[in-house]
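Chain residues, written in single-letter form:
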Amino acid sequence: MADTKVPPELRKKGLTRSQKRRLSRGAQYVVFVAAVAAFVASADWGRLKNQFAQLDIAERMFPDIITLALKNTVLYTVTGFAVGLALGLLLALMRLSSVGPYRWLAGLYIEIFRGLPALLIFIFIGVAVPLAFPGTEIVGGTYGKVALALGLVAAAYMAETIRAGIQAVPKGQMEAARSLGFSPARAMVSIIIPQAFRVILPPLTNELVLLFKDSSLVLFLGVTLEERELSKYGRDLASQTANSTPILVAGLCYLLITIPLGFVVRRMEAKAQEAVR
Amino acid sequence: MSRLDERPDDQPDERPEGPSGEPEIRVAGLHKSFGDNRVLRGIDLEIRRGEVVCVIGPSGSGKSTLLRCVNLLEEPTEGRVYVGGTELTDPDVDIDAARRRIGMVFQQFNLFPHLTVTENLTLPQRRVLKRGKAEAARIAAANLERVGLAEKAGAYPSSLSGGQQQRVAIARALAMGPEVMLFDEPTSALDPELVGDVLAVMRMLADEGMTMMVVTHEMTFAREVADRVVFMDGGVIVEDGAPGQVIGAPRHERTRHFLSRLLDPAMADVEEGTPGRAGPQ
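Residues numbered from 1 in each chain as written. Chains lettered and ligands numbered in written order. Predicted model: local features only at pLDDT ≥ 70, side-chain atom pairs only at ≥ 80, totals over all residues. Heavy atoms only, no water.

### Considerations on the overall build of chain B
- A count of helices and strands for chain B gives 10 helices and 10 strands.
- In chain B, once contacts between residues fewer than 6 apart in sequence are set aside, the share between residues at least 24 apart is 66%.
- Summing over all exposed atoms, chain B offers an accessible surface of approximately 11,800 Å²; the carbon and sulfur share of this is 46%. (Helix = DSSP H or I, 4+ residues; strand = E, 2+ residues; numbered from the N terminus. Contact = heavy atoms within 4.5 Å. Areas by Shrake-Rupley, 256 points an atom, 1.4 Å probe, with all protein chains shown as cover.)

What follows is the structure, encoded as structure tokens:
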């Protein structure tokens, strides 16, 4: 049917466009099937099953992996998030302050803590601080240390998010509030920040997911049996049983939380997109 | 030249309250610059209690800036602003307290989108005036009733039309019990068919004796409702007088030029009652 429309001098030589497309897609399928076949053929399935899918070992992990390890992971994450949110809000307001030194200080903090690995902060809080200031006790023991370490890291990221959220609130909102007699601080708290938080709820939830994963760094703090979270618990059990099943189960526990949260974030983002329209 | 000059209530002295010695709003020697841009170049203006003054002029003439200087949303570069006998430009004045007596309505409504209509009215009362929950709710309901939107009490601003949002914004300002109302082009962001409802509410306020300063392009409203019309151009007041005089028989060339460019078709509509062309002179 093409020959009715395309004049001969414009007709492509060789394959038509749709023929090319079909060929390319066919080649990709061939590569995929070959790769899967190679993996299946070369893997030692018995060994893998022994290593990762020992049902009796997995069974032994319950209910402790939920009641102890997952509980602690959630606890570390939530407290860390709370500290990060409070500090992040403070830093964001400092960044927006008309007082220069506040802006610089907040900027410095954000640059430093975004530039350091979270692990280093954990070691700093867990090892360096007790050595440098002997006798200082961080409130809440390990829980306090983790909340502080996670909070310090999260605050730097959240501060930038919150600042952007506050700046996204139209200028007229502050003017309307001021013209009604709100003081600048009261307008910020009652009018601006609630609106900013609606905008930044998706990125903040994302930060929660990151913290959830970062809480595994507790591993490096040296915790008691009762304070173990998912990663530490999984690793301990893996070395006790000389089997990798606990790692797999711990991993599934993380996904149990992070995948639904990720879904919630995407839903919120889609909704926010709709609201803009 | 017709009904303009025959209108009986061009006399400001016939407002319900009658004349009052002290001006409600007084602006003296006001200058405002944004960097090198001198927007206001020496404004003197007095508005008496119960008076309705419309400020007209081309865009960039400084009329909105003047209005925003009256409640110090813009800090004057020079000069004084008095409202209700208090000098707002006095550094010792608590500007937040002073603003409670001055209601302001914006071109873009500026309702709080995260609050319902009722909450838009109650939150400022509760946070700023420290009114109790029940009292704030009662006053909110009464003011929504006044602007004819009682049935929208539970709605969010985004579900309202522009005209409805603006009426809520007026009700929000009224709920604070202001002595003066400032309107910054309140109908400029509205679709033409929604303008009438907002103007009707403003007309009602004027009839009740509210002191009003209105920056507007609605010449019909200015002619029919205002006690005085002020024409601004280039950061100064060019002409200030009764609507029949400023709009109907402008003395200055700049006023005539502005009116003829802005108003020709609109005036023709209103004056002749039929679509057609007629000059304002």
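From this point, the discussion proceeds with the structure in view.
### Describing the overall build of chain A
- The helix and strand tally for chain A stands at 12 helices and zero strands.
- Starting at the N terminus, the α and β elements of chain A follow one another as α-α-α-α-α-α-α-α-α-α-α-α.
- By the compact-globule yardstick of 19 Å for 277 residues, chain A is too spread out, its C-alpha radius of gyration being 27 Å.
- In terms of overall dimensions, chain A has a C-alpha envelope of 80 × 65 × 30 Å along the principal axes.
- Per-residue burial over chain A gives 39% buried out of 277 residues.
- When the accessible surface of chain A is split by element, carbon and sulfur atoms take 68% of a total near 16,500 Å².
- A distance of 12 Å separates the average location of the 30 positive side-chain charges in chain A from that of its 18 negative side-chain charges. (Rg over C-alpha atoms; globule rule 2.2 N^0.38 Å. Buried < 20%, exposed > 50% of the residue type's maximum accessible area, 1.4 Å probe, protein only. Lys, Arg positive; Asp, Glu negative; His and termini not counted. Charge placed at Lys NZ, Arg CZ, Asp CG, Glu CD.)

### Concerning empty space enclosed by the protein
- A full pass over the atoms with the stated rule returns two cavities of 30 Å³ or more.
- Reported here for the second largest cavity is a volume of approximately 30 Å³.
- Lining the second largest cavity, in full, are A:S179, A:L180, B:R99, B:R100, B:I102, B:G103, B:A173, B:M176 and B:P178. (1 Å grid on protein atoms, 1.4 Å probe; cavity = no way out; pocket = protein on both sides within 12 Å on 5 of 7 lines; lining within 4 Å. Points joined across faces, edges and corners; volume = space filled by probe spheres on them.)

### Focus on the confidence of the model for chain B
Residue and element names in this part refer to chain B.
- Mean pLDDT over chain B: 87, with 86% of residues reaching 70 or higher.
- Counted against residues more than four places away or in other chains, residues 1-19, with its pLDDT under 50, gives 40 contacts.
- Across residues 267-281, confidence stays below pLDDT 50; counting only partners more than four residues off in sequence or on other chains, it has 29 contacts.
- Under the prediction, the complex receives an ipTM of 0.84, its pTM being 0.77. (pLDDT = per-residue confidence, 0-100.)

### Here's the deal with the sheet that holds strand β5 (residues 86-87) of chain B
All names here are of chain B.
- Strand order in the open sheet made by the four strands is β2-β1-β4-β5, with antiparallel pairing throughout. At either margin of the open sheet sits one strand with a lone partner, and together these are β2 (37-48) and β5.
- Pairing between strand β1 (residues 23-34) and strand β4 (residues 78-83): five bridges, direction antiparallel. Within β4, the position partnered with V27 by the bridge is V81.
- Here helix α2 (residues 63-70) sits on the sheet and contacts β1, β2 and β4; the angle it forms with β1, its principal contact strand, is near 120°. (Pairing = 2+ DSSP bridges. Axes fitted to C-alpha atoms, helices over the stretch in contact; angles between N-to-C directions.)

### Observations regarding the interface of chain B and chain A
- Each side of the interface is counted separately: chain B has 23 residues, and chain A has 18 residues.
- Interface area, chain B with chain A, both sides summed: about 1,700 Å², of which 58% is carbon and sulfur.
- The largest contributions to the chain B side of the interface with chain A come from B:D96, B:F112 and B:H114, which together make up 30% of the buried area.
- Applying the counting criterion to the chain B and chain A interface returns two salt bridges.
- Residues A:E175 and B:R68 are paired through a salt bridge, measuring 2.6 Å at the closest nitrogen-oxygen approach. (Buried area = accessible area lost by both parts, 1.4 Å probe. Salt bridge = Lys/Arg side-chain N within 4 Å of Asp/Glu carboxyl O.)

### So, the layout of surface pockets
Residues and elements named next belong to chain A.
- Its volume calculated, the second largest pocket comes out at about 300 Å³.
- Around the second largest pocket, the lining residues are I166, Q167, V169, P170, K171, M174, E175, M188 and I192.
- Of all the secondary-structure elements, those providing two or more residues to the lining of the second largest pocket are α8 (141-168), α9 (171-179) and α10 (184-214).
- Residue classes in the lining of the second largest pocket are distributed as six nonpolar, one polar and two charged. (Nonpolar A, V, L, I, M, F, W, Y, C, P; charged D, E, K, R; others polar.)

### Topic: the packing of helix α5 (residues 64-95) of chain A against α8(A)
Residues and elements named next belong to chain A.
- Axis separation between α5 and α8 bottoms out at 5 Å; the angle between their running directions is 45°. Compared by their axis directions, α5 and α8 come out oblique. Along this stretch, α5 crosses α8, giving a crossing that reads as right-handed. (Parallel < 35°, antiparallel > 145°, perpendicular 65-115°, else oblique. Left-handed = near helix turned anticlockwise from the far one by under 90°.)

### A word on the sheet that holds strand β7 (residues 180-184) of chain B
Residue and element names in this part refer to chain B.
- One open sheet accounts for six strands, arranged β6-β7-β8-β3-β9-β10; its pairing is mixed. Each edge of the open sheet is held by one strand with a lone partner, namely β6 (102-105) and β10 (236-241). Between one strand axis and the next, the sheet turns through 15° on average, direction left out of account.
- Packing of helix α6 (residues 162-174) onto the sheet brings it into contact with β6 and β7, and relative to β6 it is tilted by some 170°.

### Examining the pairing of β7(B)
Residues and elements named next belong to chain B.
- Burial analysis of β7 places five of its five residues in the buried class, which makes it a mostly covered element.
- Every second residue of β7 is oriented toward a common face, with V180, L182 and D184 on one face and M181 and F183 on the other, all of them buried.
- Pairing between β6 and β7: four bridges, direction parallel. Along β7, the bridge assignment pairs V105 with F183.
- Pairing of β7 with strand β8 (residues 211-215) involves five bridges; the strand directions are parallel. Within β8, the position partnered with M181 by the bridge is M212.

### What about the UniProt feature "transmembrane region" (unreviewed entry) in chain A?
All names here are of chain A.
- With numbering matched to this structure, UniProt assigns "transmembrane region" (unreviewed entry) to residues 26-43, 74-94, 115-133, 139-159, 180-201 and 247-265.
- Annotated as residues 115-133, this span is 84% helix and 0% strand, and its ends, taken at the C-alpha atoms, are 25 Å apart.
- For residues 139-159, helix accounts for 90% and strand for 0%, while the C-alpha atoms at its two ends are 24 Å apart. (UniProt positions renumbered as here; feature names shortened; annotations may be inferred.)

### A short note on the packing of helix α4 (residues 117-128) of chain B against helix α5 (residues 133-146) of chain B
Residue and element names in this part refer to chain B.
- Where α4 contacts α5, the two axes come as close as 9 Å, and the packing angle between them is 130°. Relative to α5, α4 is oriented oblique. Handedness of the crossing formed by α4 with α5: right-handed. Here V117, T118, L121, T122, Q125 and R126 of α4 come into contact with α5, specifically with K133, E135, A136, A137, I139, A140, N143 and L144.
- Its residues assigned to classes, the contact of α4 with α5 shows seven nonpolar, four polar and three charged.

### Structural notes on unusual backbone geometry
Residues and elements named next belong to chain B.
- Even without glycine at this site, L72 takes up a positive phi of about 60°.
- When you line up the elements, L72 lands in the loop between α2 and β4.
- Looking at L72, the relative accessible area reads 8%, which means it is buried.
- Phi at N110 takes a positive value of approximately 55°, unusual for a residue other than glycine.
- Tracing the chain through its elements places N110 in the loop between β6 and α4.
- The class for N110 is buried, based on a relative accessible area of 10%.

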